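Each chain is listed here by its residues.
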Protein chains: 2
Amino acid sequence: MNRKDAYTILAEYNIKPSPQRMAIMEYLLNSCTHPTIDEMYNCLIKSMPTLSKTTIYNTLKLFIENGAAQMLTINEKTSCYDADTSPHAHFICEKCNKVLDLYYDVEDIFPKSENMHGHLIKSMQVYYRGICKECKKDIN
Amino acid sequence: MNRKDAYTILAEYNIKPSPQRMAIMEYLLNSCTHPTIDEMYNCLIKSMPTLSKTTIYNTLKLFIENGAAQMLTINEKTSCYDADTSPHAHFICEKCNKVLDLYYDVEDIFPKSENMHGHLIKSMQVYYRGICKECKKDIN
DNA sequence: TTTTAAGATTGTAATCATTACAAATAAGAA
DNA sequence: TTCTTATTTGTAATGATTACAATCTTAAAA
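Small disclaimer: the values here were computed from a predicted structure and weren't measured.

**Q** An account of the protein's contact with DNA strand C is requested, with residue identities and associated values reported.
**A** Surrounding DNA strand C, one finds 16 residues, the nearest of these being Y57(A), S18(B), Q20(B), T50(B) and T55(B). If you look at DNA strand C and keep only atoms within 4 Å of the protein, 80% of those are sugar or phosphate atoms. Between DNA strand C and T50(B), the relevant distance is 2.9 Å, taken from a phosphate oxygen to a main-chain nitrogen or oxygen of the residue. One nitrogen or oxygen atom from the side chain of K77(B) is found 3.3 Å from a phosphate oxygen belonging to DNA strand C. Listing elements by their share of the surface near DNA strand C, those giving two or more residues are α4 (53-65) of chain A together with α2 (19-30) and α4 (53-65) of chain B. Ranked by residue count, the leading element in the surface near DNA strand C is α4(B), at three residues. Class assignment of the residues belonging to the surface near DNA strand C gives a composition of two nonpolar, ten polar and four charged.

**Q** Which residues make up unusual backbone geometry, and what are the values?
**A** For N14(A), which is not glycine, the phi dihedral falls at a positive 60°. Along the chain, N14(A) falls in the loop between α1 (6-12) and α2 (19-30). Although it is not a glycine, H34(B) sits at a positive phi angle of roughly 55°. Residue placement: H34(B) occurs in the loop between α2 and α3 (37-47).

**Q** Could you give me a rundown of the relation of the copies chain A and chain B, with the residues and numbers involved?
**A** Overlaying chain A with chain B gives an RMSD of 0.0 Å, the required rotation being 180° about an axis along which the chain moves by 0.0 Å. Given the turn and translation reported, the copies of this chain are related as if by a two-fold rotation axis.

**Q** Could you give an account of the protein's contact with DNA strand D, naming the residues involved and the relevant values?
**A** Neighbouring DNA strand D are 16 residues, the closest being S18(A), Q20(A), T50(A), T55(A) and Y57(B). In DNA strand D, atoms within 4 Å of the protein come from the sugar-phosphate backbone in 81% of cases. Contact between DNA strand D and S18(A): a phosphate oxygen at 2.3 Å from a side-chain N or O atom of the residue. At 3.3 Å, a side-chain N or O of K77(A) approaches a phosphate oxygen of DNA strand D.

**Q** An account of the interface of chain A and chain B is needed here, citing residue identities and associated values.
**A** Opposite the 33 residues of chain A that make contact, chain B presents 33 residues. For the pair chain A and chain B, the two sides together bury roughly 3200 Å², of which 59% comes from carbon and sulfur. Remark: the boundary between chain A and chain B carries two salt bridges. One salt bridge in this structure joins E94(B) and K122(A), with 3.4 Å as the shortest N-O distance. For the pair chain A and chain B, the interface holds 15 residue pairs in polar contact (both at pLDDT 80 or more). For the side of chain A that touches chain B, the secondary structure elements donating two or more residues are β4 (99-102), β5 (115-116), β6 (119-131) and α6 (133-139) of chain A. Broken down by element, the side of chain A that touches chain B gets its largest block of residues, 13 residues, from β6(A). Split by residue class, the side of chain A that touches chain B holds 17 nonpolar, nine polar and seven charged. Where β6(A) meets strand β6 (residues 119-131) of chain B, eleven bridges bridge the pair, whose relative direction is antiparallel. Note that in β6(B) the partner of S123(A) across the bridge is R129(B).

Cut-off values and rules
Residues numbered from 1 in each chain as written. Chains lettered and ligands numbered in written order. Predicted model: local features only at pLDDT ≥ 70, side-chain atom pairs only at ≥ 80, totals over all residues. Heavy atoms only, no water. Near = heavy atom within 4 Å. Polar contact = N/O pair within 3.5 Å; in protein donor to acceptor, adjacent residues only side chain to side chain. Helix = DSSP H or I, 4+ residues; strand = E, 2+ residues; numbered from the N terminus. Nonpolar A, V, L, I, M, F, W, Y, C, P; charged D, E, K, R; others polar. Least-squares fit on C-alpha atoms with pLDDT ≥ 70 in both. Contact = heavy atoms within 4.5 Å. Buried area = accessible area lost by both parts, 1.4 Å probe. Salt bridge = Lys/Arg side-chain N within 4 Å of Asp/Glu carboxyl O. Pairing = 2+ DSSP bridges.

Shown next, in the form of structure tokens:
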């Protein structure tokens, strides 16, 4: 595996490591499901019984401020989180509700310059919605 | 003005008109600010004192189900709404929090086919974040 | 016209994600 | 060690959204 570990990533973004921060970053890196706070909490509490949900909120806020993660506001009810900060889009399946990464075509989507109609563009998010490959099978 | 009126739009989307529905669609059409439920309520209550916030929620849900409006989940706290269902992106200013429409370049962004990596794409949303033209002036 | 049934609107109460806050704990410097 | 600061934690508050039951409207049937 060529993925960097949690400790290295935290260091890269100038985030002082702590057991909680490491565990949360670790979880984000190992999950490809774009977890919600609750999902993280329910899993991590098993190996770290003193963990508080507030800590997860605080930690993710810190990660985002330092550029180590991004918040996805796909769902109007619950935010979910992604430690992959490289340019990519997200596909949300209306049947199974999974959130998948889409790297295809993304180069075309991102603005060539940081300026667009005179506005300064700092970041962008692209959400596709539909039926995923797997769920399409079930329908046929 | 070549914009269609609320009555015509409701008819087009098979939504039975009512004073409340007309007023809400009217408001959406006349505002270019992508209003939240609260903004709509606070304005409409003046001319329609019996209006309930629940009705606004119900009505927008109906509009969305029938394709007459879309919900923008730009903000993690509050959804906002847009009666413009033509393909366009949204720019959110981090300073003044305004949500602006961006039609530029959008053709490039939308998928050429309805298929992408085997997934069926039904809709897409594009959110840019940054500093808008006006707020940039204030900084300099 | 009156009756009736379905649809639309309303207000209140419940839900639930997120945040505020203050106390407890951990880490690091002196 | 002691002192100071950063981090974590639990509880309580906030606030958007939804559930639900009661009321009002509409329009068709009798």
